[in-house]
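Spelled out from the first residue to the last, the chains are:
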Amino acid sequence: MTTAFLGDWLVSEAIYTPAGEYVGVVRQRRCLQPLAAQKIRVIQICEPVETAVNLSPQATQTAAIMNRRVGEFVFDLQLAGRARRYLGPDVIGGGFSWQEGVLTARGLWPRFGCNFTSFSILLNPERQVTGGKFFIANEEIATIVGTAVPEAQGYPELELTTDGRPPTALNPADYRGHHYFIAPDGELQEMVYIHDYGRVVQEINAAPGREKWYGPLREVEAVTGLGETLSLIEIYDSSARAIAGLGKRFQDEKLHEVEAYILTADR
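Residues numbered from 1 in each chain as written. Predicted model: local features only at pLDDT ≥ 70, side-chain atom pairs only at ≥ 80, totals over all residues. Heavy atoms only, no water.

Draft legend 1. Structural detail: the overall build of the protein chain. Regarding its fold elements, the protein chain presents two helices and 18 strands. For a compact globule of 267 residues, the expected C-alpha radius of gyration is about 18 Å, and the protein chain comes in at 18 Å, within 12% of that figure. Viewed in the frame of its principal axes, the protein chain has a C-alpha envelope of about 50 × 45 × 40 Å. Scored against the burial criterion, the 267 residues of the protein chain give a buried share of 49%. By sequence separation, contacts in the protein chain at least 24 residues apart represent 48% of the contacts at least 6 residues apart. When the accessible surface of the protein chain is totalled, it reaches about 12600 Å², and 52% of it is carbon and sulfur. Positive and negative side-chain charges of the protein chain, numbering 25 and 33 respectively, have mean locations separated by a distance of 3 Å. (Helix = DSSP H or I, 4+ residues; strand = E, 2+ residues; numbered from the N terminus. Rg over C-alpha atoms; globule rule 2.2 N^0.38 Å. Buried < 20%, exposed > 50% of the residue type's maximum accessible area, 1.4 Å probe, protein only. Contact = heavy atoms within 4.5 Å. Areas by Shrake-Rupley, 256 points an atom, 1.4 Å probe, with all protein chains shown as cover. Lys, Arg positive; Asp, Glu negative; His and termini not counted. Charge placed at Lys NZ, Arg CZ, Asp CG, Glu CD.)

Draft legend 2. Local environment of the pairing of strand β3 (residues 39–46). With eight bridges joining them, strand β2 (residues 22–35) and β3 adopt antiparallel strand pairing. Counted as the bridge partner of Leu32 is Val42 from β3. Linking two consecutive strands that pair antiparallel, namely β2 and β3, is a turn of three residues; a positive phi of about 60° is found at Ala37 within it. In this sheet, strand β5 (residues 71–80) lies alongside β3 in antiparallel orientation, the contact comprising eight bridges. Opposite Cys46, over in β5, you have Gly71 as the bridge partner. (Pairing = 2+ DSSP bridges.)

Draft legend 3. Representation of empty space enclosed by the protein within the structure. Counted according to the given criterion, the structure contains four cavities of 30 Å³ or more. Taken as a whole, the largest cavity spans an internal volume of roughly 570 Å³. Around the largest cavity, the lining comprises 39 residues; the ones closest to its centre are Arg30, Gln44, Tyr86, Ser118 and Ser120. It is strand β10 (residues 127–136) that provides the largest number of residues to the lining of the largest cavity, a total of six residues. A class-by-class count of the residues in the lining of the largest cavity yields 19 nonpolar, 14 polar and six charged. (1 Å grid on protein atoms, 1.4 Å probe; cavity = no way out; pocket = protein on both sides within 12 Å on 5 of 7 lines; lining within 4 Å. Points joined across faces, edges and corners; volume = space filled by probe spheres on them. Nonpolar A, V, L, I, M, F, W, Y, C, P; charged D, E, K, R; others polar.)

Draft legend 4. The arrangement of the pattern of salt bridges in detail. Enumeration over the complete set of coordinates arrives at 15 salt bridges. Residue Arg30 is joined to Glu13 by a salt bridge in which the shortest nitrogen-to-oxygen separation is 3.1 Å. Separated by 17 residues along the polypeptide, Arg30 in strand β2 and Glu13 in strand β1 (residues 7–16) bring together distant segments of the chain. As far as the burial class goes, Arg30 and Glu13 line up, both buried. A salt bridge links Arg249 to Glu259; the shortest N-O distance between them is 2.7 Å. With Arg249 in strand β17 (residues 242–251) and Glu259 in strand β18 (residues 254–265), the pair connects residues that are 10 residues apart, well separated along the chain. One salt-bridge network, in which partners are shared between bridges, spans Glu203, Glu228, Arg249 and Glu259. (Salt bridge = Lys/Arg side-chain N within 4 Å of Asp/Glu carboxyl O.)

Draft legend 5. Geometry of the layout of surface pockets. In this model, the largest pocket occupies a volume close to 700 Å³. Around the largest pocket sit 27 residues that line it, and Arg106, Thr117, Ser231, Ile233 and Lys248 are the ones nearest its centre. Elements with a minimum of two residues in the lining of the largest pocket: β7 (92–99), β8 (102–109), β9 (114–124), β10, β14 (209–214), β15 (217–225), β16 (228–237) and β17. Taken together, the residues that form the lining of the largest pocket break down as 10 nonpolar, nine polar and eight charged.

Draft legend 6. Spotlight on the pairing of β14. Alignment of β14 against β15, held across six bridges, turns out to be antiparallel. Within the sheet, the bridge partner assigned to Arg210 lies in β15 and is Glu221. What sits between β14 and β15 in their antiparallel hairpin is a turn of two residues, with Gly215 showing a positive phi close to 60°.

Draft legend 7. Representation of the packing of aromatic side chains within the structure. The full count for this structure, using the stated rule, is 10 aromatic pairs. When the ring of Tyr16 is compared with that of Tyr22, the centres are 5.7 Å apart and the planes differ by 50°; the resulting orientation is tilted. On the basis of an interplanar angle of 85° and a centroid distance of 5.1 Å, the ring pair of Phe112 and Phe134 is categorised as edge-to-face. Here Phe112 is found in the loop between β8 and β9, whereas its partner Phe134 is found in strand β10, with 22 residues between them in sequence. Side by side, Phe112 and Phe134 carry an identical accessibility label, which is buried. Put simply, the rings of Phe73, Trp109, Phe112 and Phe134 pair up and form one aromatic cluster. (Phe/Tyr/Trp six-rings, centres within 6.5 Å; stacked < 30°, edge-to-face > 60°.)

In structure tokens form, the structure reads like this:
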């Protein structure tokens, strides 16, 4: 059994309303302990929301709902090949490891009372970006995006702005790294080195679509070909000078390809 996410982590997550209003930050401890029979025990301890000032009524309501997640939550995670099965009691559902350090999942927090989608992307062995959405059925409650570091480093700080964009100027030509193209069963099909993130931006912008920003998180829904659509998330980690992207391409509503990229800029 191998996983990139084992160990004790401290997490700082920014919370946004469905409309994109910044609600505040949640601090969280995550402990992932290997067990026998390809299982991992996950312990999450969530602090109350550190709310922003002058919240709207919707944001105040979002903070109140998220504060139902305060305290300790425990669940076991079963590894079955690339699949990740959440066995409860506090989280049930399933996920998939598209490659080492890139995970998506969906399921339910029964005691918290919300269903969820989530992602985790390891930028390097000591930093990951993480987040997702909480729902009641299909009613979105909150979008979350944050960073996690080993416990010994202390809580990571989030660089946030009030306009929903990355907090520092970004020159696409500075960012480079690997772009992975993955089959629906998780097999790597191709790996391409990206010399200039600007080319990725041009390809995305050339397709008819819409985007939404939640602080350092960008969501894109685009039509990229005849019967083909792309659902993409990008996370801008200014402290690490990194961009992580995770996209799913659907052909006629069937998952056709998954792509992931982790790009960094010279400091």
